[in-house]
Structure formats: C-alpha cells, structure tokens
Amino acid sequence: MLRSHNLLALCGIILSLSNKVLAGFDPTASNNIAVYWGQNSISLTSGGQQRLSYYCANTPINIIPLAFLYTIKTPSTTINFANAGDNCTLFSGSQLLSCPQLEEDIQTCQTAHNKSILLSIGGATYTEGGFSSPAEAVQMAGAVWEMFGPKKEGSKVERPFGDAVVDGFDIDLEAVAVNMVDFVGELRRLMDADGGKKKFYMSGAPQCPFPDAAMGGLMDGVGFDFVMVQFYNNWCGVDSWKASGGGDGKGESQFNFERWDRWAREESKNKGVKVLLGVPGSQAAGRGYVNGEVLKGVVEYVKGFESFGGVMMWDMSQVYGNTGFLDSIQAALGSDGQSSGQGSGLPPTQTASQTTISTSLSSSQLASLLSSLLSSQTAFVTITTTVVFSATATEFSTEEVPSPTTASVKSTSGSSTPTGTPVPHWGTCGGIYHLGSTVCESPYQCVVLSVWYSQCL
C-alpha cells in the first residue's frame, strides 16, 4: 500500500509545480505575459495564425486578448479574427459571426491550461466614435455582456462563442470616442455583479504618450485591473530607453514607464492596477522593436517599479514568426513555467513525452518518482492523465505594425490588377508576404488593414 503521507507529499509537489506553470493573470505578480491573438498581422507562407488552442498549450503566455470586436452598434456587433474567421459562419440575417471552434478553444484554454481569455474591443478599424448618449452606452454594454458574459437561462441572444464565457474585456481605442466611460463602467459593473466565484478582468491598451489622446479620460474614469501600454510606434517607446534610466537631457526620460507607474499608484481609480510593458513581437513594427541585451535591460529597469506586472506583445503571429523572442521575454522576466520551445522556429507539435512541469522534472524523472511511490502502473496512469499535459510550443514571433486610423480599400496587394482565384468573405487577399490571390469574391473588396495584412470585407 502507498503510504498516505507520501501520496499527499506527491500531490503537493505536483500541484505546486503545475500552479506555477498553468496560471491566468496574476494581480500579485510581475511576470505576467500577454499576447494578442486574432489579427494574423504577419501572413507567413506556413499559414500564419493557428487556432487559439494551439497557443494555449504554450505555458509562458497566461493572458490572451482576442482582437477584435470592432463594431458595437452599426449595423450590428461585429468581430473579426482574420483567417480564424474561416471556421465561423454568419448568424442568419446578421453580420455577427458564430464561431464554434472558438467556443471549444476558449473553454479548452480556460479549463485545461488556465489561461485568461479576454475580448479586445476597438482596434485601429473601430470608427463608430463611441455612443450618442450615456444611456445608449449603458444599453450597449448590457448587449455585449449578454453576448460574451455568462449565458442567462432562457436567453435568445446570439452568442458568437456559444456557451463559452470570456474572462473579461480589453479596451483598445486608437481614436477619440465619446461616452466610453459609461460603456466601460457599465461593463465593469456587470462583470463585478455576475462574478460570484469567478473573477472577471478589465484591461486597457493605451499608447505610451501620457495622457493617451484617445483613452485619457477613460483611464481615470474606470477601475482597470491591468493596462498594457503600447511602448512602440511612439517617441516614448522601448527603443528610446537609455541604460542610465535617464532621457536625453530634455527633462523627463523619453521612455516614460515612470509616468505610467505614477498614474497607477497615485491617479488611477484602482490603485492596485498593474502596468504591463507593451512591446512589438518583431522588427515588423514601424518603430520600437528591441531584443537581446537591450530588451533585457529594459525589463530589468521596469522591474523596479511597484506597478510593473509583466510584458504584453503584439501579436501572436508576429511573436511566433520571430524565433526565440518569447523565450527571451520569459528569461528576462524570470517567469516560472515551460519553455516556449521557440528554438527551432517550426510550428509546435504535441508530444506525450513533455509535461507542464518539464522545467523542474523531466518526464523520465517524473515517471521514476511516481513509480516509486505508487503500488501499481494503473495508479500511475490515472495520475499522469490528471496532472500531466503534453505540449510543446515552438513559436512564430513577430510584431505589430500601427494600423491606419481608418481601413483603406484597394483591389490588389502590390499590383494594378487583381489576380488569382476569388477569395471568400473574411479571407486574406494581400500583405507584404502574401503570395496568394488578390481578388475577392463579389461583392467583397480587399481592405488593407495594415501593410502586412489585407482581408476581403
């Protein structure tokens, strides 16, 4: 018989190790890692962005905002996840997507891998300008919560993610929008009221100039749990950091994390808000990409601020196209957890020989430990299927390019005449690395969302 205290000790070891590896947003930690998913901002010949669950098995990432919900009211709520939309269909008589694969993946990410999955609202293509009145803002917040929050018994509301419930919302406004404090404030109220044992999170993604031109009032008017400040494509980005921590002799340092820390501690509605350092995932950014010793130095510097909560990267396709970048972020943070496996630069594969606690125990060591404590192979199999997860995550890493304020439409990507087999609605039709067709099925047009990505809309 297995001695009970040995079994308890073993369970304690396994649980303590797995809790370090499999974790969502931690408001007490400074090594959170967030990576946006959904926009496939780099179109790789290997296919670019993979389904959401593919990335959740990668243990260093604990927060994944889904980008974007980019219209709220006109003509109806609209979500867009680039090529992932190929696995969605439209609700009858609506432009709203029904995405059963995302329903499955969100639930898998939350339950099997304990990731925090947020829905990001806004983005560069959000052009509604907010709401006509505070009352309309409150009403639309209720509608969004019905679609993506806990499903109400008897509700007939069309839900893009089915029974899946997001862990909260991220607000990413690139242009001024009115009555947003009322909208986000009501979402916050609904999340807190419906939370029960589940904690819902509200995050924001301001640009680094302080105060942010589009989100300044919102930042002070709503209690955010964390903000992921975009320290790129601006004069105050990580590329302006100096090893001394100082600027260029013209007053406040160009790299202004200190100002955001002061906002978090002294001015924000939630004085416990965490500030994540937002960086581009590759050189594809217009400005602000750093790596190697510079990146390590920046992270070491911001670790000294009380509000520092980790690092955010844009976006998943960029990060997974930039071999080794995510590993370097994890190393700089000193994050607990499994290596991302980025070394090969090839798509991740799943293997039963790798476990979520592989950084502390190899699979053979774990097997030896369990075998010595358990009286039968059957018991070993039962425990391993409960606590051991197989996941290797090699990544493509790259990064965010500032999208145009409003999406432009053109019929080709780099040529004067569209060519190729017509691409269906939501399909990829252009971008710097795009090698396929540049013509869309009628009545759709090829919309340029960034220099890296165009889509049939």
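Please refer to the structure placed before this passage.
Our subject in this report is the structure included herewith. Here, residues in each chain are numbered from 1, in the same order as that chain's written sequence. Two thresholds apply to this predicted model, a pLDDT of at least 70 for residue-level local features and 80 or more for giving and counting side-chain atom pairs, whereas whole-chain, interface and lining totals are computed over all residues. In computing side-chain properties, one takes all heavy atoms of the structure into account and sets aside hydrogens as well as water.

**Here's the deal with the side chain of S240**
Part 1 of the argument: Looking at where S240 falls in the secondary structure, it is placed in the loop between β9 (226-230) and α7 (257-267).
Part 2 of the argument: Residue S240 is classed as buried on the basis of its relative accessible area, which comes to 7%.
Part 3 of the argument: Definition of a polar contact: a pair of N or O atoms within 3.5 Å, with one able to donate and the other able to accept a hydrogen when the atoms are protein atoms, and with sequence-neighbouring residues admitted only if both atoms are side-chain atoms. Polar side-chain contacts of S240 include one of 3.4 Å to the backbone oxygen of W235.
Part 4 of the argument: Pairs of residues are marked as contacts when any of their non-hydrogen atoms sit within 4.5 Å. Ignoring sequence-local partners within four residues, the contact set of S240 consists of W235, Q254 and F255. Only DSSP runs of H or I covering at least 4 residues are called helices, and only runs of E covering at least 2 are called strands; the numbering of each starts at the N terminus. Only protein chains enter the accessibility calculation, which uses a 1.4 Å probe; a residue whose area is less than 20% of its type maximum is buried, one above 50% is exposed, and one in between is partly exposed.

**Overview of the packing of aromatic side chains**
Part 1 of the argument: Note on aromatic pairs: the rings of Phe, Tyr and Trp (six-membered ring only in Trp) are paired at centre separations within 6.5 Å, and the planes decide the class, stacked below 30 degrees, edge-to-face beyond 60, tilted for the rest. The full count for this structure, using the stated rule, is 22 aromatic pairs.
Part 2 of the argument: When the ring of W145 is compared with that of F200, the centres are 5.1 Å apart and the planes differ by 80°; the resulting orientation is edge-to-face. One end of the pair, W145, is in helix α4 (residues 134-148); the other, F200, is in the loop between α5 (180-194) and β8 (201-204), and 55 residues separate them in sequence. Each member of the pair W145 and F200 is classed as buried.
Part 3 of the argument: By way of ring pairs, the aromatic residues F231, W241, F255, F257, Y301, F305 and F308 are connected into one cluster.

**A word on the nonpolar core**
Part 1 of the argument: Counting residues in hydrophobic clusters, the biggest one holds 91 residues, and the most contacted among them are F161, F169, F183 and L277.
Part 2 of the argument: Per-element tally for this core: the top contributor is α4, with 7 residues.
Part 3 of the argument: Every residue in contact with F161, bar those within four places of it in the chain, is listed here: L66, I79, F81, C99, L102, E103, I106, L119, F148 and V166.
Part 4 of the argument: By nonpolar core we mean a set of buried residues, namely Ala, Val, Leu, Ile, Met, Phe, Trp, Tyr and Cys, connected to one another through side-chain atoms within 4.5 Å. Counting 16 residues, the second largest nonpolar core, distinct from the first, contains F25, Y36, L118 and M312.

**Observations concerning the pairing of strand β1 (residues 32-35)**
Part 1 of the argument: Residue alternation in β1 divides its side chains into two sets, N32 and A34 and I33 and V35, and both sets are buried.
Part 2 of the argument: The sheet contact formed by β1 and strand β11 (residues 308-314) spans 4 bridges and is parallel. Bridge pairing links N32 to G310 in β11. We call two strands paired when DSSP finds no fewer than two bridges between them.

**Some words on the state of the cysteines**
Part 1 of the argument: For this text, the term disulfide refers to a pair of cysteine sulfurs within 2.5 Å. A complete count under the given rule lists 3 disulfides for this structure.
Part 2 of the argument: Across the disulfide from C88 sits C99; the S-S distance is 2.2 Å. Judged by the sign of its S-S torsion, about 110°, the bond between C88 and C99 is right-handed. Of the two residues, C88 sits in the loop between β3 (78-79) and β4 (89-90) while C99 sits in the loop between β5 (97-98) and α3 (100-111), which places them 11 residues apart along the sequence. Each member of the pair, C88 as well as C99, carries the same accessibility label: buried.
Part 3 of the argument: Through a disulfide, C208 is tied to C236; the S-S separation comes to 2.0 Å. Taking the sign of the S-S torsion, about 90° here, the bridge from C208 to C236 comes out right-handed. Placement of C208 in the loop between β8 and α6 (216-221) and of C236 in the loop between β9 and α7 is noted, with a sequence separation of 28 residues between them.

**A word on the pattern of salt bridges**
Part 1 of the argument: Each salt bridge in this description consists of a side-chain nitrogen of Lys or Arg and a carboxyl oxygen of Asp or Glu lying within 4 Å of one another. Evaluation of the coordinates by the stated rule reveals 16 salt bridges.
Part 2 of the argument: One salt bridge in this structure joins K73 and E136, with 3.3 Å as the shortest N-O distance. Taken together, the residues K73 in the loop between β2 (63-71) and β3 and E136 in helix α4 connect sequence positions 63 residues apart.
Part 3 of the argument: For K73, a relative accessible area of 23% gives the class partly exposed.
Part 4 of the argument: We note a salt bridge from D225 to K199, for which the minimum N-O separation is 3.5 Å. Here the residue D225 occupies a position in the loop between α6 and β9, and K199 occupies one in the loop between α5 and β8, the gap between them amounting to 26 residues.
Part 5 of the argument: The structure contains a network of salt bridges with shared partners spanning R188, D192, K199 and D225.

**Section: the environment of G204**
Part 1 of the argument: As for its position among the elements, G204 is in strand β8.
Part 2 of the argument: In this structure G204 comes out as buried when scored by relative accessible area, which is 0%.
Part 3 of the argument: In sequence terms G204 and V229 are 25 residues apart; their C-alpha atoms lie 7.8 Å from each other.
Part 4 of the argument: Apart from the residues within four sequence positions on either side, G204 is in contact with D170, I171, M215, F224, F226, V227 and M228.

**What to know about the packing of α4 against α5**
Packed helices, taken two at a time, are described by the angle between their axes plus the distance between the axes.
Part 1 of the argument: For the pair α4 and α5, the least separation of the axes is 8 Å and the interaxial angle reads 40°. Our classification of the angle between α4 and α5 gives oblique. Our pair here, α4 against α5, has a crossing hand that is right-handed. Contact residues: P134, A137, V138, M140, A141, G142, V144 and W145 in α4; D182, F183, E186, L187, L190, M191 and D194 in α5.
Part 2 of the argument: Under the convention adopted here, Pro, Cys and the residues Ala, Val, Leu, Ile, Met, Phe, Trp and Tyr are nonpolar, Asp, Glu, Lys and Arg are charged, and Gly plus all remaining residues are polar. Within the contact of α4 with α5, the residues separate by chemical class into 11 nonpolar, 1 polar and 3 charged. Lines are fitted to the C-alpha atoms to define the axes, a helix being fitted only along its stretch in contact, and any angle between axes, read from their N-to-C directions, falls within 0 to 180 degrees. Every angle not falling under 35 degrees, over 145, or within 65 to 115 is termed oblique; those three ranges are roughly parallel, roughly antiparallel and roughly perpendicular. By convention the crossing between two helices is left-handed if the near helix lies anticlockwise of the far one by an angle smaller than a right angle, and right-handed if it lies clockwise.

**So, the packing of helix α8 (residues 292-302) against helix α10 (residues 325-333)**
Part 1 of the argument: Between α8 and α10, whose axes approach to 9 Å, the crossing angle comes to 35°. The element α8 and its partner α10 pack so that their crossing is right-handed. Residue-level inspection shows L295, K296, V299 and E300 of α8 in contact with α10, the latter providing F325, S328, I329, A332 and L333.
Part 2 of the argument: Broken down by class, the residue content of the contact of α8 with α10 amounts to 6 nonpolar, 1 polar and 2 charged.

**Description of unusual backbone geometry**
Of all residues except glycine, most have a negative phi; of all peptide bonds, most are trans.
Part 1 of the argument: In this structure, F68 follows A67 across a cis peptide bond, with omega equal to 5°.
Part 2 of the argument: Its place among the elements puts F68 in strand β2.
Part 3 of the argument: The omega torsion across S442 and P443 is 10°, close enough to zero to call that bond cis.
Part 4 of the argument: Structurally, P443 can be placed in the loop between β13 (428-430) and β14 (446-450).
Part 5 of the argument: Despite not being glycine, A82 shows a phi value in the positive range, around 50°.
Part 6 of the argument: Considering the arrangement of structural elements, one finds A82 in the loop between β3 and β4.
Part 7 of the argument: In this model, N233 sits at a positive phi of 55°, which is unusual for a non-glycine residue.
Part 8 of the argument: With respect to the helices and strands, the residue N233 is situated in the loop between β9 and α7.

Everything listed here is a matter of coordinates, which is why it stays silent on function.
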